[in-house]
Amino acid sequence: MKNPPTPPQRASLNEHLYSQAKASDELRHLILHIAQAAKYIQYAIRTTEAGLAGSKNQFGEEQEKLDVLSDVIIQQHLMESRLVATFITEERKESVELSASAPFSVVFDPLDGSSLVDANFSIGSIFGIYPGSAILGRKPKEQVAALYVLYGPRTILVYGAGNGVHMFLLNDVGEFVLLREYLGIGDSAKNYSPGNLRAVNENPGYKKAVADWLDRELTLRYSGCMVADIHHILCKGQGIFTNVGGSKYPEGKLRLIFECGPFAYLVEQAGGVASDGKSAILDKTMDTIDQRSPLVIGSSEEVENACAVLAG
Ligand code: P6P
């Protein structure tokens, strides 16, 4: 190319998917459709009054108006992409078939941490992308990509498609532009993020793990939204996030398919580790939509140490 134009200072998500991730055109287009949906969700969060929708999801959890709205927005964009065979969302009991011949299937939590929106905490959308039309019976290691969007003071999209984990900022003209690429997680942690803390009363291993973090004076960083809390680990390059079982949630609160699976893919792509306390999240079979799993994720040495303490 003679006298090429000067490239923009920050690569767009489209350009990065093409030139760095070397994603197929179909995968690139699907991720761009998901990114487009996130722009509408970001607008809805800023403009829709918070509050309960008066309905419940498959887990019997009260749905926020924004839960339902975000779910509809994402479904519409997945349908419009014509690239999705099946999707599974936290807000529906059953998987939804769109087009059997389409190349991908998508699992998503449309608005994780939505109960925090009235307190103006950061919340997020979580996505996992699988090849083909099947989801149940598969393992999170079969994902071809995963991404999340964090709606906070800035709207940030982080994706991984097999060649590193990369962070984008939604700019003032509605473009996701590159902020940082090839995010990495170091082996030792200085921060800890202990979810389902009520479990320490019935889970002696968890009580010991938390006491250990306190004794070692690690820094507590916990918001109540796993997207924000695990994003913190990716941004700082270290940390450990946990959500393990107790009496109320024997397997912990988090769902394997659309919470643990996508984050396990991203964190392991960044050099971290994701375990259920005994085995790798990526190797767990997704048997049912409502399947929960304990999650111990982040810096490898800290995860290994926590799993040993949890196992007693
Ligand atoms: P706890 C939000 O509802 C969520 O699914 C995760 O984002 C978050 O980490 C967890 O639940 C919060 O659990 O027990 O700390 O309230």
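In case you missed it, the structure is sitting above this.
Below or above, wherever it landed, is the structure these notes cover.

Cut-offs used in this document
- Sequence order as written defines residue numbering, which begins from 1 separately in each chain.
- Only residues with pLDDT of at least 70 are given local features in this predicted model, and only at 80 or more are side-chain atom pairs given and counted; all residues enter the totals for whole chains, interfaces and linings.
- Only heavy atoms go into the side-chain values, all of them from the structure, while hydrogens and water stay out.
- In what follows, salt bridge is the name for a side-chain nitrogen of Lys or Arg lying within 4 Å of a carboxyl oxygen of Asp or Glu.
- Secondary structure elements are defined from DSSP: runs of H or I of at least 4 residues count as helices, runs of E of at least 2 residues count as strands, and each element is numbered from the N terminus.
- Note on exposure labels: buried denotes an accessible area under 20% of the residue type's maximum, exposed denotes more than 50%, and partly exposed covers the range between, all computed with a 1.4 Å probe on protein chains only.
- Pairing of aromatic side chains requires ring centres within 6.5 Å, counting the rings of Phe and Tyr and the six-membered ring of Trp. Pairs whose planes differ by under 30 degrees are stacked, by over 60 edge-to-face, and all others tilted.
- To get an axis, a line is fitted to the C-alpha atoms, and for a helix only the part in contact is used. The angle between two axes follows their N-to-C directions and goes from 0 to 180 degrees.
- Roughly parallel covers angles under 35 degrees, roughly antiparallel covers those over 145, roughly perpendicular covers 65 to 115, and oblique covers all other angles.
- We call a crossing left-handed when the near helix sits turned anticlockwise from the far one by less than a right angle, and right-handed when that turn is clockwise.
- In what follows, a contact means two residues having at least one pair of non-hydrogen atoms within 4.5 Å.
- Residues are sorted three ways: Asp, Glu, Lys and Arg are charged, Ala, Val, Leu, Ile, Met, Phe, Trp, Tyr, Cys and Pro are nonpolar, and all the rest, Gly among them, are polar.

**Topic: the pattern of salt bridges**
Under the defined criterion, the tally for this structure stands at 9 salt bridges. Between Lys141 and Asp283 there is a salt bridge; the shortest N-O distance is 3.2 Å. Taken together, the residues Lys141 in the loop between β6 (123-131) and β7 (145-151) and Asp283 in the loop between β14 (273-275) and β15 (295-298) connect sequence positions 142 residues apart. According to the relative accessible area criterion, Lys141 is partly exposed, its value standing at 47%. Looking at Asp283, the relative accessible area reads 39%, which means it is partly exposed.

**Digging into the packing of aromatic side chains**
What the rule picks out here adds up to 6 aromatic pairs. Judged by centre distance (5.2 Å) and plane angle (35 degrees), the ring pair of Tyr148 and Phe263 falls under tilted. Note that Tyr148 is positioned in strand β7 and Phe263 in helix α6 (residues 256-269), a separation of 115 residues in sequence. With 6.4 Å between their ring centres and 20 degrees between their planes, Tyr222 and Phe241 make a pair best called stacked. Here Tyr222 is found in the loop between β12 (219-220) and α5 (226-236), whereas its partner Phe241 is found in strand β13 (residues 240-243), with 19 residues between them in sequence.

**Some thoughts on the packing of α5 against α6**
Interaxial distance between α5 and α6 falls to 12 Å at its minimum, and their mutual angle equals 10 degrees. Compared by their axis directions, α5 and α6 come out roughly parallel. Where α5 crosses over α6, the handedness of that crossing is right-handed. On α6, the residues touching Met226, Val227 and Ile230 of α5 are Glu259, Phe263 and Val267. A breakdown of the residues in the contact of α5 with α6 according to their chemical character gives 5 nonpolar, no polar and 1 charged.

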